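# Notes for the structure review
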Amino acid sequence: MTNDLSQDLKRLHDDLAGAPPLNAEDIAALRRLADDIQRIIDSNPRVGKTQDVRAEADSPEEPSILDRISTYIETLEAQHPQLTKTLSMVAERLSDMGI
């Protein structure tokens, strides 16, 4: 499952590189999101296992990664359908992992 998430994350980077122009704020926010997902993959060998890693993945004062992905999907859906499709796949994969 982690390998699938890594592939989805690579697809997200590719989509960002080939997407129609995004404003600087959206690009920075999506890159932070991608970096946070990569950090979860790299730092937590239990990702994809049955143990819940949500507490380790998100700080209590910040929205969860899934909440942040949902926000970006809603914001970008009309102008960037491929990017939002990839974000949806990443969100589904993270949810399946218990994050």
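Now for a look at the structure at hand. Only a predicted model underlies this, so the values are computations on that prediction, with no experimental measurement involved.

We now examine the overall build of the protein chain. Along the protein chain, the regular secondary structure elements total five helices and zero strands. Listed by position from the N terminus, the elements making up the protein chain come as α-α-α-α-α. The burial tally for the protein chain puts 39% of its 99 residues in the buried class. Put simply, of all contacts in the protein chain between residues at least 6 apart along the chain, 72% involve residues at least 24 apart.

Let's shift gears to the packing of helix H2 (residues 24–43) against helix H4 (residues 65–76). The relative placement of two packed helices comes down to the angle between their axes together with the axis-to-axis distance. One can describe the packing of H2 onto H4 by two numbers: an axis separation of 11 Å at closest approach and a directional angle of 150 degrees. Put simply, H2 runs roughly antiparallel to H4. Handedness of the crossing formed by H2 with H4: left-handed. Of H4, the residues touching H2 (which contributes Asp26, Ala29, Leu30, Arg32, Leu33, Asp36, Ile37 and Ile40) are Ile65, Arg68, Ile69, Tyr72 and Leu76.

Leu30, Leu33, Ile37, Ile69, Leu87 and Leu94 are the most contacted members of the largest nonpolar core, which has 25 residues in total. Where this core is concerned, the elements lending two or more residues are helix H1 (2–18), H2, H4 and helix H5 (81–96). Among the elements that line this core, the one with the most residues is H2, at seven residues. Setting aside anything within four residues of it in sequence, one finds Leu33 in contact with Ile65, Arg68, Ile69, Tyr72 and Leu87.

Topologically, Ala19 is positioned in the loop between H1 and H2. Taking the C-alpha atoms as reference, Ala19 lies 9.6 Å from Gln79; in sequence the two are 60 residues apart.

Definitions and limits used
- Residues numbered from 1 in each chain as written.
- Predicted model: local features only at pLDDT ≥ 70, side-chain atom pairs only at ≥ 80, totals over all residues.
- Heavy atoms only, no water.
- Helix = DSSP H or I, 4+ residues; strand = E, 2+ residues; numbered from the N terminus.
- Buried < 20%, exposed > 50% of the residue type's maximum accessible area, 1.4 Å probe, protein only.
- Contact = heavy atoms within 4.5 Å.
- Axes fitted to C-alpha atoms, helices over the stretch in contact; angles between N-to-C directions.
- Parallel < 35°, antiparallel > 145°, perpendicular 65-115°, else oblique.
- Left-handed = near helix turned anticlockwise from the far one by under 90°.
- Core = buried A, V, L, I, M, F, W, Y, C linked by side-chain atoms within 4.5 Å.

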